[in-house]
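Take a look at the letters that make up each chain.
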Amino acid sequence: MLYKKGNILKIIAIALIFFILGILIGYYAILQQTTYVSFKKVGEIKIGVMLPLSGELGPIGSRMLKGALLAAKIINDTGGINGNYIKIIAEDTLALPEKAIEAAKKLIEIEGVKVIIGPATSTEVLAISKYVNDREVVLISMSATAEKISELGDDYVFRVVASDVMQTQAIASIIEEMKYKKIVTFVVANDYGIGLEEGLKKLLGGKIALSIRYDPAKGDYRTELMQVSSINPDAIFYALWVESGIIVFKQALDMGLENIPTLGSEGMADVAFFKDEKAAEYILKTGLTGSKPSSPKGTLGYNIFYEEYKKYFKEEPGLYCEYTYDATMLAALSIAKASAYNGYEIKKALESTSKYYIGATGHKAFDKNGDIILAEYDIWKVSKSIDGEYFFNIIGSWNTVQGLLMKKE
Amino acid sequence: MDYLQKLEIKVINMIAFILDTLIWIALYSILSLSLSIEYGFTGIMNFGKALFFMIGAYVSAIVTLNGLNYFIGLLFAILFSALIGLISSIPMIKVREDYFAIVTLALSECIRIILKNEYWIAGGPIGLKNIPSAFPLKNLSYEFFLILNLLLIIGILLFFYLILRMIIKSPYGRILKAIREDETLTQILGKNTFEYKIQIFTIGSAMAGAAGSFLSQYIGYVSTDLFLSTTTFTIWIMCIIGGPSNINGAIIGALFMRGIERGTRILKDYVNMPIDPNNFMFIITGILMIFFIMYKPEGIIKEKRMEIE
Amino acid sequence: MDLASINFLQIFFNGLITGSIYFLAALGLSLTYSLLNFPNISHAEFLAFGAYAAYMSLKLIENNFFLSIIIAFISTGFLGIFSYLIVFKPLSKKGSKPMHLTIASLGYGLFLRYSMYQFFGREALTYKLWFEAFNIGPIRVTSLWILIILTSLILVFLLHLFLKKTLIGKAMRALSNNQILAMVCGIDKEKILLLVWFIGAGLAGIGGVFRAGDTRITPILGWDLMIPIFSIIILGGIKNLYAIIASAYIIGLIENFSIILLTIFNLSTEYKVIIAFIILIIILILKPYGLFTKAGNKSD
């Protein structure tokens, strides 16, 4: 069967046309927010940022980006790095591992970045870990808390937030302190929620009378909640993502669970829950208490960050903003210390810089796996101020050295 | 910024980027091809592609994580996906085509949910990491490493492409088309259409499994989040636009979709318009799908006319 | 787990809520499915559209939930007609096979969904309404849940009257049963089709509003429900509307009761979706053309 030469040429031509057409269609595809924030064009040092800028975690991610932008601005305003200015290049991953791979490729191959801040979720970090190690690009995540990331060992992946293994210890200590004997866990069925649930099971064992994992797409949790109330636990531990979490809390109030105290992980300490009246009432009535990676409000490091953030962005910083800030700062300082803009040198510089860096979120010294040595959490509780505003009141702290410390009323 | 300055697209690691793009196009070509043989040639509406893609990835990952050579992992992935394809199609194949679409979609989602929730099977939601690569990177330049991967994926693609071409040109292939056009008539003519459909479904599943195996060693990580139903739909879009009844069409479709995805991400930095690129991509492909079905159901590349030898 | 402490009445009531929403969503789909012989995947987006329509109505005229439901019904109904005239009618006139229509509906659904994302943004919205919760005996209810169940039951009844007593209803049944014969008898297929698309989409719109009120408004609101809806339609057999109504409630109840089983066996409650599906698979293996359809009636 002869394969005519004309046919092959036709196919190649069509293939090329199609590829170009594809890219041209991309040409008319757009962006409403600028991804380039360059402060001056003298000499540029690129730092890549990977965050969910749209999608379910979009609102949180876009605010986290501001933490990175602030760090870059502070460094650039004070002369940059030897006169070279930092350019933040942000890519949207929608918190999906598939998109994270694409975003990383673009940042590393097309932009040539050697340091990436982010991604925000653990599955994303794991999906690109081999790639960044192969390419020798430093990755500093601000919010990926899965235990498994520690198992990657001594490589180019670092994180400025502690593994959830630590957070479960903080939560378990709250449970001990409040003398709860029967707990129910109610978590979102993904690596975040399931990770926390499994961690708590290891620490608390028999105290957990029932574990519910819910599908965020389902939206129908009445019977599950009814199960919880029929067990009549001392407390319910929640680990949810905001969008489906609001539904859970709404239905919990409807199902009459407002008399059972509640506990939560850092995902619950989000002002977005207050948007919905029923969810807000539920968490207030049940005295939702929980842990979150600490924003040590008393410290100088945090205050500097907070003042600058408010001055520049004219709003309150959001969840993980300060962690993104610290990650970016560390990246910039490591680049400054490194003898070249090259992943291996930056990694070495990062390991030493971290030992003396005390940032908005405290000490950031890394261990050999790229995890922070000192894990610190704020213990918070939902409160209502005199003028009716809901807020998260810090009532204590937990860290790896001192354990649980509750504030005296 | 100066407009001309904007147009200057800087690709710092041009070779690496192009090689990687080609690898992804080849990977999705295999998937698109596997759907094409099922839908384009035999009329099987399989909405569960992501399932076999996932099975291949996980099986290959587990095999190689236990220390065995990658190619053994690849073999196991192909065989296992084929097996699951066979087992699942036997009870389901008599179901009418639109039900079949629904059932395959639901099956894909259900198995994904099970894998996600059960830690002990394969890591649960956090998946499996540190999957060994087919080619160790030590002492290789990154570009050379990519070339090896490209050769591997093109090898797999070529392998299946040639097999499919053989099938299509043979009398067996003509029967497939007959089944697609009018199954009842084909049955009257004495052919057991169910057997043919099961065989094709098995082959299509094996192909998706091979693609999955490559993916797992290329990324070094698998998780159920990489195999959502959106993946199945993307493969459908590629297949339809490229031309479902022509095996070259499958490749064109893959090229087109990856071109849009990559192109969008690069060019958004240079153009400012009111629509979000994530939305734009699907709005456009949605319209294109309708357009193609209406005016060009054969897709970009028409089906070849049958040759009687 | 103490069986005596389980509030079976509550689970039953919850099952009715789930079933009602499934019914509203599934009925419209089965109507168009039976007349045009293909599953309209973009039906999921009709649900979301209705939810957004109600949202806009509530923004203009606050607190009038009833009005927003009616507006959702009407506007989604028109969307249904529009969809039919622009996409599905031209295709079926060209003699497209059902699989082509299905694929086109997939593309159309994507187009609708991402247009909604573009227009309304990616953040989930909620109706700013408060539905009071209270106890009726041992059952915990809210005004919304009662509204959902009542509306659905009333609609079931109205539908029954419509199909059995009115001329148009009878024409619809005739057309669904045997198209050629019905047309020979002088039934105007086009008019009936327009009506069916209007009602089907409109009901989906109402279902979307209730679903959104119960959860939140987002463009993938309908998509979350698609697997149970398809299970219901296939189980019921596409043409048998009464069977579909029954299936909707049966599956709603099964899903809720299965939670008890799942928690006893310490399994993730995410699996409740799977249970309905496993039942579907088993039924299809035994009866490849659905539970209520005889093999001879498989396609027109």
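Residues numbered from 1 in each chain as written. Chains lettered and ligands numbered in written order. Predicted model: local features only at pLDDT ≥ 70, side-chain atom pairs only at ≥ 80, totals over all residues. Heavy atoms only, no water.

Caption draft 1: Looking closely at helix 1 (residues 8-36) of chain C. Residue and element names in this part refer to chain C. Taking 1.5 Å per residue, 29 residues should reach 42 Å; helix 1 reaches 41 Å between its end C-alpha atoms and fits that length. Burial analysis of helix 1 places 25 of its 29 residues in the buried class, which makes it a mostly covered element. Following helix 1 by one or two positions, N37 has its phi on the positive side, about 65°. (Helix = DSSP H or I, 4+ residues; strand = E, 2+ residues; numbered from the N terminus. Expected span 1.5 Å × (residues − 1). Buried < 20%, exposed > 50% of the residue type's maximum accessible area, 1.4 Å probe, protein only.)

Caption draft 2: The nonpolar core, seen in detail. Counting residues in each nonpolar core, the largest one holds 350 residues, and the members touching the most others are A:F186, A:Y238, C:F65 and C:Y127. With 15 residues, helix 1 of chain C is the largest single contributor of residues to this core. Two domains share this core, each providing at least three of its residues, namely domain 1 (41-161 + 296-374) and domain 2 (165-287 + 377-406) of chain A. Dropping the residues within four chain positions of it, A:F186 is found in contact with A:I212, A:Y214, A:Y221, A:E224, A:L225, A:V228, A:I236, A:F237, A:Y238, A:A239, A:L240 and A:V248. (Core = buried A, V, L, I, M, F, W, Y, C linked by side-chain atoms within 4.5 Å. Domains from an automatic or database assignment. Contact = heavy atoms within 4.5 Å.)

Caption draft 3: Expanded view of the packing of helix 13 (residues 277-295) of chain B against helix 3 (residues 65-93) of chain C. Direction vectors running N to C along helix 13 of chain B and helix 3 of chain C enclose 25°, while the axes themselves pass 10 Å from each other. As judged from the angle between their axes, helix 13 of chain B and helix 3 of chain C are roughly parallel. Crossing of helix 13 of chain B over helix 3 of chain C shows left-handed handedness. The residues of helix 3 of chain C that touch helix 13 of chain B, namely those facing B:I290, B:I293 and B:M294, are C:I86, C:V87, C:P90 and C:L91. (Axes fitted to C-alpha atoms, helices over the stretch in contact; angles between N-to-C directions. Parallel < 35°, antiparallel > 145°, perpendicular 65-115°, else oblique. Left-handed = near helix turned anticlockwise from the far one by under 90°.)

Caption draft 4: Structural view of a nonpolar patch on the surface. Taken together, the side chains of B:F80, B:L83, B:L86, B:I87 and B:I90 make up a nonpolar region of the molecular surface, amounting to roughly 430 Å² of accessible area. B:F80 sits in the partly exposed class, given a relative accessible area of 39%. (Patch = residues over 30% accessible without salt bridge, like charges linked within 9 Å, V, L, I, M, F, W, Y side chains within 5 Å. Areas by Shrake-Rupley, 256 points an atom, 1.4 Å probe, with all protein chains shown as cover. Salt bridge = Lys/Arg side-chain N within 4 Å of Asp/Glu carboxyl O.)

Caption draft 5: Focus on unusual backbone geometry. All names here are of chain A. The residue after G118, namely P119, is reached through a cis peptide bond having omega -15°. With respect to the element layout, P119 can be found in the loop between strand 4 (115-117) and helix 4 (122-135). Phi at K179 is positive, roughly 60°, even though this residue is not glycine. One can find K179 in the loop between helix 5 (164-177) and strand 7 (183-188). The exposed category is assigned to K179, whose relative accessible area is 63%. In the Ramachandran plot, K314 falls in the positive-phi region, its phi being about 60° despite a non-glycine side chain. By the secondary structure assignment, K314 is in the loop between helix 10 (300-313) and helix 11 (321-337).

Caption draft 6: Representation of the pairing of strand 7 of chain A. Residues and elements named next belong to chain A. In terms of burial, strand 7 is largely enclosed, as six of its six residues are buried. Along strand 7, one buried face is formed by I183, T185 and V187 and the opposite face, lined by V184, F186 and V188, is buried too. As judged from the six bridges shared by strand 7 and strand 8 (residues 208-214), these two strands associate in the parallel manner. Bridge pairing in strand 8 places I183 opposite I208. Relative to strand 9 (residues 235-239), strand 7 is paired through five bridges, and the arrangement is parallel. If you follow V187 over to strand 9, its bridge partner there is A239. (Pairing = 2+ DSSP bridges.)

Caption draft 7: Spatial organisation of the packing of aromatic side chains. Summed over all chains, the structure comprises 50 aromatic pairs over all chains. Arranged with centres 5.1 Å apart and planes meeting at 40°, the rings of C:F38 and C:F88 form a pair that is tilted. Taken together, the residues C:F38 in the loop between helix 1 and helix 2 (43-60) and C:F88 in helix 3 connect sequence positions 50 residues apart. The residues C:F38 and C:F88 share a single accessibility class, namely buried. Both rings, one in C:F78 and one in C:F198, keep their centres 5.4 Å apart while their planes meet at 75°; by these two values the pair is edge-to-face. Within this pair, whereas C:F78 is found in helix 3, its partner C:F198 is found in helix 8 (residues 189-214), the two being separated by 120 residues in sequence. A relative accessible area of 17% places C:F198 in the buried class. Ring pairing ties together the aromatic residues A:F186, A:Y214, A:Y221, A:Y238, A:F249, A:F273 and A:Y282, which thus form one cluster. Looking at A:K73, its charged tip hangs above the ring of A:Y312, at a distance of 4.7 Å from the centre. (Phe/Tyr/Trp six-rings, centres within 6.5 Å; stacked < 30°, edge-to-face > 60°. Lys NZ or Arg CZ within 6 Å of the ring centre and 35° of its normal.)

Caption draft 8: Quick look at the interface of chain B and chain C. At the interface, 46 residues of chain B touch 44 residues of chain C. For the pair chain B and chain C, the summed buried area comes to about 4100 Å², and 73% of that belongs to carbon and sulfur atoms. In this assembly, chain B and chain C are joined by zero salt bridges. Linking chain B with chain C are two residue pairs in polar contact (both at pLDDT 80 or more). Elements with a minimum of two residues in the side of chain B that touches chain C: helix 4 (70-92), helix 5 (97-117), helix 8 (171-181), helix 11 (229-242) and helix 13 of chain B. Top element by residues in the side of chain B that touches chain C is helix 5 of chain B. It accounts for 14 residues. (Buried area = accessible area lost by both parts, 1.4 Å probe. Polar contact = N/O pair within 3.5 Å; in protein donor to acceptor, adjacent residues only side chain to side chain.)

Structural measurements only, silent on function.
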